Amino acid sequence: MFQKILIANRGEIALRIYRACHDLGIPAVAVHSTVDDDAMHVRLADESVCIGPAPAAESYLNIPAILSACEISQADAIHPGYGFLSENSKFAEIVEAHDITFIGPKPEHIQLMGNKIAAKAKMQELGIPVVPGSDEKINSEQDARRIAADVGYPVIIKAAAGGGGRGMKIVLDESQIALALSTAQNEAKAAFADDSVYIEKYMSTPRHIELQIAADSHGNVVHFGERDCSLQRRHQKVLEEAPSLILDDTERQRMGDLVCDAVRKLGYLGVGTIEFLYENGEFYFIEMNTRIQVEHPVTEMITGIDLVQEQIRIAAGESLQWQQSDITFSGHAIECRINAEHPKTFIPSPGLVTRFHVPGGPGIRIDSAIYAGYKIPPFYDSLIAKLIVHGSDRNECLLRLDRALREFVVEGVETTIPLFVDLLQQDAIRDGNYNIRWLEQYLKLE
Ligand code: ADP
């Protein structure tokens, strides 16, 4: 096992990793930018190293500074969390070249899944159904017209290197394709320094269902069931739940087996998530995330398994602790992503948190690095807390969630808590009868 783990991240996920380290008895090193010297992960970690100024490019993405921090602190492993360098295959390679363990998949798999065109082709080869579309990058307008006509409108143009819901353009008919293609390419180049785009069938009312997996270095692969992440705004998840209401045990097992088989053939190492759109009883792969995800706690709540500890154990060469038959699901869990944003306009609201009181009681978990007196800097993601609630069934979970949201007090900044209070009153949410477009439609209607 590792002697010391460096956490190359900030915010709630840095704290989450710190907790997993300490629960395994491993000291943790925090890194931070100059504006984060008061951050909770810095306060709690056993050691901390400042790695640069506020802009992420100069601190949380500063590879030489992070490696120096590792050397100074003599950490023998790095946990990248999510975002920042977590899906940077070059970073993973450099870390390994310095005889430090990267707590994550092999660089080749990060690279493969980082290009969504290559990822889809590989998954299809491994027997996973994918969203119909181009199997290569779009090279010209003629290419785009031909493929879109083959696939059938509406289509969606997506960035091969995309992430965070950015760089997608929906094309309703042929008259829109030329403009959509050049806009998508320009946006992809600006956001990801890569203008490769591809075309997919635009699915009108799917649900977003993803499977959590883990694979060790001894050939064992298991899945931990699914998460339903269909409540989205701007293609980004807002609320996630597990299990999904629309999957039965047979379907869950069928997809779980298919995905585990593919992951095994791939020789993948670590935890990962295979994301699908699900419509009319069929799954269509869209991408694989090669890291821990924001919404991993809902899976932890229904399985009782600590996925971050598991990542660490796998990276240290240990075998998975369970066979598939040991993994059972209990009750229902829902996560709300609480952002420091205006609940109606979604305009970010950084600043001083004057009061912070979190809900408690049975079945409630808060993953947050906020405290009263903390100043939320304007430089980073606006996620300030995840409220995760577990109940013996979905009904109990919803009742607890409603209670917890009303107990939650954050003053000094705007938050999206009122949005969730409102959403829980809506029949579509109460009945679990929503797809990836529901929230956008609802917000427009208001
Ligand atoms: P990112 O990596 O940016 O998160 P994804 O490919 O995972 O992009 O897609 C994010 C979300 O965008 C999906 O959950 C879904 O809501 C929407 N989306 C992506 N592809 C399609 C598609 N072919 N049809 C309809 N919606 C899509």
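See above for the structure.
Being a predicted model, the structure only gives us computed values, none of them experimental.

> I'm lost on the sheet that holds strand β10 (residues 221-233) in this one. Help?
Sheet strands pair via backbone hydrogen bonds, and the direction of the pair is either parallel or antiparallel. Spatially, the 8 strands line up as an open sheet ordered β13-β12-β9-β10-β11-β14-β19-β17, and their pairing is antiparallel. Both outer strands of the open sheet, β13 (282-289) and β17 (364-368), are each paired with one neighbouring strand and no more. Here the average twist between neighbouring strands, direction ignored, is 25°. In the packing of helix α10 (residues 296-303) onto the sheet, the strands contacted are β9 (207-215), β10, β11 (236-242), β14 (332-339), β17 and β19 (383-391), and the crossing angle to β19 comes to about 25°.

> Explain the pairing of strand β2 (residues 28-33) to me, please; I cannot follow it from the model alone.
Where a strand is regular, its side chains alternate between the two sheet faces. Taking burial as the measure, the 6 residues of β2 include 6 buried ones, the bulk of the element. Of the two faces of β2, the one carrying Ala-28, Ala-30 and His-32 and the one carrying Val-29, Val-31 and Ser-33 are both buried. With 3 bridges joining them, strand β1 (residues 5-7) and β2 adopt parallel strand pairing. By the bridge assignment for β2, Ile-5 is matched with Ala-28. Each parallel crossover has a hand, and the one from β1 via helix α1 (residues 11-23) to β2 is right-handed. As judged from the 5 bridges shared by β2 and strand β3 (residues 47-52), these two strands associate in the parallel manner. Each bridged residue has a counterpart across the sheet, and for Ser-33 the counterpart in β3 is Gly-52.

> Got a minute to help me understand the site of the ligand in this structure?
Around the ligand, the structure places 22 residues, and the nearest of them are Gly-165, Lys-201, His-208, Gln-232 and Glu-287. Note that an oxygen atom of the ligand is positioned 3.1 Å from one of the side-chain N or O atoms of Glu-275. When the ligand sits alone it has 550 Å² of accessible area, and the protein chains cover 96% of it. Going through the elements one at a time, β6 (155-159), β8 (197-201), β12 (270-279) and β13 are the ones with two or more residues in the shell around the ligand. Across the shell around the ligand, the residue classes tally to 8 nonpolar, 7 polar and 7 charged. The two domains that each donate at least three residues to the shell around the ligand are domain 2 (132-201) and domain 3 (207-445).

> Explain the environment of Ile-286 here, please?
Its place among the elements puts Ile-286 in strand β13. Taking relative accessible area as the criterion, Ile-286 reaches 10% and is therefore assigned buried. Separated by 240 residues in the primary sequence, Ile-286 and Asp-46 place their C-alpha atoms 39 Å from one another. Contacts of Ile-286, omitting those with residues within four sequence positions, involve Lys-120, Val-131, Lys-158, Glu-200, His-208, Glu-275, Phe-276 and Leu-277.

> What is the right way to look at unusual backbone geometry in this model?
Glycine aside, residues mostly have negative phi angles, and peptide bonds mostly take the trans form. Residue Pro-154 follows Tyr-153 across a cis peptide bond; omega there is -5°. Tracing the sequence through the fold places Pro-154 in the loop between α7 (141-151) and β6. A cis amide bond, omega -5°, links Ala-242 with the succeeding residue Pro-243. In this structure, Pro-243 sits in the loop between β11 and α9 (249-266). Of note in the backbone geometry, Phe-346 takes a positive phi value of approximately 65° without being a glycine.

Reading guide: rules and limits
- Residues numbered from 1 in each chain as written.
- Predicted model: local features only at pLDDT ≥ 70, side-chain atom pairs only at ≥ 80, totals over all residues.
- Heavy atoms only, no water.
- Pairing = 2+ DSSP bridges.
- Helix = DSSP H or I, 4+ residues; strand = E, 2+ residues; numbered from the N terminus.
- Axes fitted to C-alpha atoms, helices over the stretch in contact; angles between N-to-C directions.
- Contact = heavy atoms within 4.5 Å.
- Buried < 20%, exposed > 50% of the residue type's maximum accessible area, 1.4 Å probe, protein only.
- Right-handed = clockwise from strand over helix to strand, strands pointing away.
- Near = heavy atom within 4 Å.
- Polar contact = N/O pair within 3.5 Å; in protein donor to acceptor, adjacent residues only side chain to side chain.
- Areas by Shrake-Rupley, 256 points an atom, 1.4 Å probe, with all protein chains shown as cover.
- Nonpolar A, V, L, I, M, F, W, Y, C, P; charged D, E, K, R; others polar.
- Domains from an automatic or database assignment.

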